[in-house]
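Close look at the chain arrangement
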Amino acid sequence: MSKLLLLETATEICSVAITEAAKIIAKVDASENYAHTEKLTLLIEEVAQKAMIALKDLEAVAISKGPGSYTALRVGTSVAKGLCFALDLPLIAIDTLASLADAAYQKIGNENALYCPMIDARRMEVYAALYDANGHIIQDQQAMIIDENSFHNYFKSGQPIIFCGNGAEKCKSVLTHPLAHFETTVCDASNLRRLASNAYQQQQFEDLAYFVPIYGKAPNITTSKKGKLRN
């Protein structure tokens, strides 16, 4: 039975899980936000111990590929690639918005709704896409500045839209249409379970040498008072 390591590092959350036959057998999360650099490798070691398996017994590594935080995605990608090279494992990359939409549907189960995962991109901007209950893309992924007219054409269809992800909460005050519903699903390694399992079964693997995550847009780099770059 296939054992997959799942890494979710696209946002402030650092989350790691192991699946066996598409079922979560162990999961650990960092207790603080944006702890990817300090905690990711430690969490991988911890989740392997919790699952009582050796990393060499894994069949693949699956990573949430963004969009999201530039630094967090780079950390996750570097660790995932390192594991794959060292253990001779294939890499699976799952679209973060697709995983959020799938997780929200699995939780709610409304087949008539549309699902809109949102990832915070500062101020009133989010990375967003729109999916139906079967995971088909209705509106392509894009960076959007949300206002009261956003998704107006989709609300006309009479379908409810389920907004989720860490960018959804800040949009509640402007997305006040009666068909707008908000769900608390956020990025978590367990969200990758179904899509990663499907990708593994279909042998949908990335080229380790050339894979890069989906950053969404260029990093927001500022200069500290000490003159060092940070983002």
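Residues numbered from 1 in each chain as written. Predicted model: local features only at pLDDT ≥ 70, side-chain atom pairs only at ≥ 80, totals over all residues. Heavy atoms only, no water.

Summing up its helical and strand segments, the protein has 5 helices and 12 strands in all. The C-alpha radius of gyration of the protein comes to 18 Å, within 12% of the 17 Å expected for a compact globule of 231 residues. Counting only C-alpha atoms and orienting by the principal axes, one finds that the protein spans roughly 50 × 50 × 30 Å. For the protein, the share of sequence-separated contacts (at least 6 apart) that also reach a separation of at least 24 residues comes to 61%. In the structure as shown, the protein presents an accessible area of about 11,600 Å², 49% of it carried by carbon and sulfur atoms. (Helix = DSSP H or I, 4+ residues; strand = E, 2+ residues; numbered from the N terminus. Rg over C-alpha atoms; globule rule 2.2 N^0.38 Å. Contact = heavy atoms within 4.5 Å. Areas by Shrake-Rupley, 256 points an atom, 1.4 Å probe, with all protein chains shown as cover.)

All chains considered together, the criterion is met by 8 salt bridges. Measuring nitrogen to oxygen at the nearest pair gives 3.5 Å for the salt bridge that ties Glu169 to Lys172. Of the residues examined, Lys172 reaches a relative accessible area of 38% and is grouped as partly exposed. Among the charged side chains, a network of salt bridges with common partners joins Lys27, Asp29 and Asp188. (Salt bridge = Lys/Arg side-chain N within 4 Å of Asp/Glu carboxyl O. Buried < 20%, exposed > 50% of the residue type's maximum accessible area, 1.4 Å probe, protein only.)

Here we take up the pairing of strand 2 (residues 15-20). Summarising burial for strand 2: 5 of the 6 residues are buried, a large majority. Looking at chain direction, strand 1 (residues 3-8) and strand 2 are connected through 6 bridges and run antiparallel. Bridge pairing links Leu6 to Ala17 in strand 2. Turn length for the strand 1-strand 2 hairpin, with the two strands adjacent in sequence and antiparallel, is 6 residues. Relative to strand 3 (residues 23-29), strand 2 runs antiparallel, the two being bridged by 6 bridges. Each bridged residue has a counterpart across the sheet, and for Ala17 the counterpart in strand 3 is Lys27. (Pairing = 2+ DSSP bridges.)

The strand order across the open sheet built from 5 strands is 3-2-1-4-5, with neighbouring strands paired in mixed fashion. Where the open sheet ends on each side, the last strands, each with one partner, are strand 3 and strand 5 (91-94). Between one strand axis and the next, the sheet turns through 20° on average, direction left out of account. Together, strand 1, strand 4 (60-64) and strand 5 form the strand contacts of helix 2 (residues 70-87), whose direction differs from that of strand 4 by roughly 170°. (Axes fitted to C-alpha atoms, helices over the stretch in contact; angles between N-to-C directions.)

In short, the description is geometric, and any link to function would need to be established separately.
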